[in-house]
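What follows is the residue order along each chain.
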Amino acid sequence: MIAVLLTASGIATLVAMLRRRFVLATVKGFSMAPTFRPGDRLLVRRTSLSRLKAGDIVVVVPDARMAGPRPGTGYVIKRLAAVPGDPVPEHVPSPTSTQIPPGWMALLGDNPDASRDSRDYGLVTQQQLVGVVVRAIGT
């Protein structure tokens, strides 16, 4: 009986640790095609902006500017186009200079024709960052 309780407690602790470190996200549109398709499930590792580089695929919590025609649909999945100190990508509105300011990032979809991204809503704050996509785990 005690062994069963210890095993169950250990499993519960492991699950809690994994949930703090990782998130699952589901692709809902075509903005990241051909890299990801609607329905793909993604394993996302929670991390900070300082640990990322341009080219990483990230997951963010949308704000009112980003919601578009589908408000309240969960996460936004985009490619990190620029991090603090990088040049602001072409066609991305920035209230400051030609460099990404500290605490901000520029996000672009892999499929520009089907993507609402930083070209539409501007820069995104690091507080919105959930994490970086580690891998697709199936549909």
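**Notes on the side chain of Gln-128**
Logical step 1: Checked against the element boundaries, Gln-128 lands in the loop between strand S6 (124-125) and strand S7 (129-138).
Logical step 2: Discounting residues that sit within four places of it in the chain, Gln-128 has contacts with Val-59, Val-60, Val-61, Pro-62, Asp-63, Arg-65 and Met-66.

**Notes on the nonpolar core**
Logical step 1: Residues Val-60, Leu-80 and Met-105 are the most contacted members of the largest nonpolar core, which totals 14 residues.
Logical step 2: Of all the secondary structure elements, the ones that give two or more residues to this core are strand S3 (57-60), strand S4 (76-82), strand S5 (104-108) and S7.
Logical step 3: When near neighbours in sequence (up to four residues on either side) are disregarded, Val-60 contacts Met-66, Tyr-75, Val-76, Met-105, Leu-107, Gln-128, Leu-129 and Val-130.
Logical step 4: The next biggest cluster of nonpolar side chains, apart from the first, holds 12 residues, and it includes Ala-25, Val-27, Leu-42 and Ile-77.

**A short note on the pattern of salt bridges**
Logical step 1: Applying the stated criterion across every chain, the model contains five salt bridges.
Logical step 2: As a salt-bridge pair, Arg-79 and Asp-110 come within 2.8 Å of each other at their nearest N and O atoms. One end of the pair, Arg-79, is in strand S4; the other, Asp-110, is in the loop between S5 and helix H3 (118-121), and 31 residues separate them in sequence.
Logical step 3: Relative accessible area serves as the criterion here: at 25%, Arg-79 is assigned to the partly exposed category.
Logical step 4: A salt bridge links Arg-119 to Asp-117; its shortest N-O distance comes to 2.5 Å.
Logical step 5: The exposure class of Arg-119 is partly exposed, given its relative accessible area of 28%.

What counts and how
Residues numbered from 1 in each chain as written. Predicted model: local features only at pLDDT ≥ 70, side-chain atom pairs only at ≥ 80, totals over all residues. Heavy atoms only, no water. Helix = DSSP H or I, 4+ residues; strand = E, 2+ residues; numbered from the N terminus. Contact = heavy atoms within 4.5 Å. Core = buried A, V, L, I, M, F, W, Y, C linked by side-chain atoms within 4.5 Å. Buried < 20%, exposed > 50% of the residue type's maximum accessible area, 1.4 Å probe, protein only. Salt bridge = Lys/Arg side-chain N within 4 Å of Asp/Glu carboxyl O.

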